[in-house]
Amino acid sequence: QVQLVESGGGLVQAGGSLRLSCAASGFPFSNYGMGWFRQAPGKERDFVARITSRGGFTVYADSVKGRFAISRDNAKNTVYLQMNSLKPEDTAVYYCGRRDMNNAVYSYWGQGTQVTVSS
(Lines give C-alpha, C1' and ligand atoms only; values in the text may rest on other atoms or scores of the structure.)
Protein backbone atom coordinates (compact mmCIF):
# COMPACT_ATOMS: atom_id res chain seq x y z
CA GLN A 1 0.00 0.00 0.00
CA VAL A 2 1.02 3.59 -0.50
CA GLN A 3 2.98 4.99 2.42
CA LEU A 4 4.45 8.44 2.89
CA VAL A 5 6.49 9.15 6.00
CA GLU A 6 7.68 12.67 6.76
CA SER A 7 10.59 13.49 9.05
CA GLY A 8 12.91 16.36 9.86
CA GLY A 9 10.57 18.75 11.62
CA GLY A 10 11.44 20.46 14.87
CA LEU A 11 11.88 23.72 16.72
CA VAL A 12 14.09 26.37 15.14
CA GLN A 13 14.70 30.06 15.67
CA ALA A 14 13.62 32.60 13.09
CA GLY A 15 16.20 32.83 10.34
CA GLY A 16 17.19 29.22 10.76
CA SER A 17 16.90 26.26 8.42
CA LEU A 18 15.35 22.82 8.39
CA ARG A 19 15.27 20.03 5.83
CA LEU A 20 12.19 17.88 5.67
CA SER A 21 12.19 14.43 4.10
CA CYS A 22 9.33 12.30 2.86
CA ALA A 23 10.08 8.62 2.32
CA ALA A 24 7.69 6.92 -0.08
CA SER A 25 6.87 3.26 -0.58
CA GLY A 26 4.24 1.03 -2.13
CA PHE A 27 4.15 2.63 -5.57
CA PRO A 28 6.51 3.47 -8.46
CA PHE A 29 7.83 6.71 -6.99
CA SER A 30 9.53 8.02 -10.13
CA ASN A 31 6.19 8.00 -11.97
CA TYR A 32 4.48 10.53 -9.71
CA GLY A 33 4.67 14.19 -8.97
CA MET A 34 4.94 15.02 -5.29
CA GLY A 35 4.02 18.01 -3.21
CA TRP A 36 4.46 19.62 0.17
CA PHE A 37 1.60 21.29 2.02
CA ARG A 38 1.28 22.81 5.47
CA GLN A 39 -1.47 23.40 7.98
CA ALA A 40 -1.29 25.91 10.80
CA PRO A 41 -3.62 25.62 13.82
CA GLY A 42 -7.13 26.68 12.93
CA LYS A 43 -6.32 27.09 9.25
CA GLU A 44 -6.76 25.08 6.09
CA ARG A 45 -4.05 23.00 4.53
CA ASP A 46 -2.11 25.20 2.12
CA PHE A 47 0.08 24.37 -0.84
CA VAL A 48 3.80 24.96 -0.34
CA ALA A 49 5.65 23.38 -3.29
CA ARG A 50 5.48 20.62 -5.82
CA ILE A 51 7.85 18.78 -8.11
CA THR A 52 7.26 16.72 -11.23
CA SER A 53 8.02 13.02 -11.42
CA ARG A 54 11.56 13.42 -12.79
CA GLY A 55 12.26 16.61 -10.90
CA GLY A 56 12.46 18.84 -13.94
CA PHE A 57 9.78 21.31 -12.92
CA THR A 58 8.93 22.89 -9.59
CA VAL A 59 6.24 25.25 -8.37
CA TYR A 60 6.22 27.26 -5.15
CA ALA A 61 3.72 29.25 -3.16
CA ASP A 62 4.54 32.95 -3.25
CA SER A 63 5.04 32.94 0.52
CA VAL A 64 8.03 30.57 0.29
CA LYS A 65 9.62 31.49 -3.04
CA GLY A 66 13.31 32.16 -2.68
CA ARG A 67 13.43 30.56 0.77
CA PHE A 68 12.29 26.96 0.26
CA ALA A 69 13.49 24.40 -2.26
CA ILE A 70 11.83 21.12 -3.16
CA SER A 71 13.88 18.28 -4.59
CA ARG A 72 13.69 14.53 -4.97
CA ASP A 73 15.93 11.51 -5.18
CA ASN A 74 14.15 8.84 -7.18
CA ALA A 75 16.81 6.28 -6.33
CA LYS A 76 15.91 6.73 -2.65
CA ASN A 77 12.15 7.18 -3.15
CA THR A 78 12.38 10.40 -1.18
CA VAL A 79 11.26 13.98 -1.67
CA TYR A 80 12.81 16.83 0.30
CA LEU A 81 11.92 20.32 1.35
CA GLN A 82 14.85 22.56 2.24
CA MET A 83 13.57 25.48 4.27
CA ASN A 84 15.82 28.50 4.81
CA SER A 85 15.27 31.91 6.38
CA LEU A 86 12.41 30.50 8.39
CA LYS A 87 9.82 32.86 9.83
CA PRO A 88 7.37 32.39 12.72
CA GLU A 89 4.55 32.33 10.16
CA ASP A 90 6.07 29.15 8.69
CA THR A 91 5.02 27.33 11.86
CA ALA A 92 2.71 24.48 10.84
CA VAL A 93 2.40 20.76 10.38
CA TYR A 94 4.02 19.92 7.05
CA TYR A 95 2.62 17.13 4.91
CA CYS A 96 3.87 15.49 1.76
CA GLY A 97 1.39 14.21 -0.77
CA ARG A 98 1.36 12.15 -3.93
CA ARG A 99 -0.13 13.94 -6.90
CA ASP A 100 -2.43 11.84 -9.08
CA MET A 101 -1.17 11.15 -12.58
CA ASN A 102 -4.07 12.59 -14.54
CA ASN A 103 -5.22 15.50 -12.44
CA ALA A 104 -4.09 17.93 -9.75
CA VAL A 105 -5.54 15.94 -6.87
CA TYR A 106 -3.37 14.64 -4.06
CA SER A 107 -4.90 11.34 -3.01
CA TYR A 108 -2.29 10.13 -0.55
CA TRP A 109 -0.75 11.93 2.41
CA GLY A 110 1.79 11.32 5.10
CA GLN A 111 1.12 11.79 8.79
CA GLY A 112 2.83 15.17 8.90
CA THR A 113 5.80 16.63 10.75
CA GLN A 114 5.63 19.65 13.05
CA VAL A 115 7.74 22.70 12.28
CA THR A 116 7.84 25.42 14.91
CA VAL A 117 9.71 28.67 14.31
CA SER A 118 10.30 30.84 17.35
CA SER A 119 10.75 34.60 17.11
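Now for a description of the structure that goes with this document. Sequence order sets the numbering: in each chain, residues are counted from 1 along the sequence as written. Local features in a predicted model are, by the rule used here, given only for residues with pLDDT of at least 70; side-chain atom pairs are given and counted only at 80 or more, and totals for whole chains, interfaces and linings are based on all residues. Based on all heavy atoms of the structure, the side-chain values leave hydrogens and waters out of the count.

## Some remarks on the pattern of salt bridges
Link 1 in the chain: What counts as a salt bridge is simple: a side-chain nitrogen of Lys or Arg found within 4 Å of a carboxyl oxygen of Asp or Glu. One pass over the full model with this rule turns up 3 salt bridges.
Link 2 in the chain: Between Arg67 and Asp90 there is a salt bridge whose closest N-O contact spans 2.7 Å. Taken together, the positions of Arg67 in the loop between strand 6 (58-60) and strand 7 (68-73) and Asp90 in the loop between strand 8 (78-83) and strand 9 (92-99) put the pair 23 residues apart, joining distant regions of the chain. For the residue pair Arg67 and Asp90, the accessibility class agrees, reading buried in each case. Comment: elements are numbered from the N terminus, with helices defined as DSSP H or I runs of at least four residues and strands as E runs of at least two. Each residue is assigned to one of three classes by its accessible area relative to the maximum for its type, calculated with a 1.4 Å probe on protein chains only: buried under 20%, partly exposed between the two thresholds, exposed over 50%.

## A look at the pairing of strand 10 (residues 106-109)
Link 1 in the chain: Note on pairing: two strands pair once DSSP finds at least 2 bridges between them. Sheet analysis places strand 9 next to strand 10, joined by 3 bridges and oriented antiparallel. Residue pairing in the sheet places Arg98 in a bridge with Tyr108 of strand 10.

## Some remarks on the pairing of strand 11 (residues 113-118)
Link 1 in the chain: Residues Thr113, Val115 and Val117 point to one face of strand 11 and are all buried, whereas Gln114, Thr116 and Ser118, pointing to the other face, are not buried.
Link 2 in the chain: In terms of strand pairing, strand 2 (residues 10-13) meets strand 11 through 4 bridges, oriented parallel. Each residue of the ladder has a partner; that of Gln13, found in strand 11, is Ser118.

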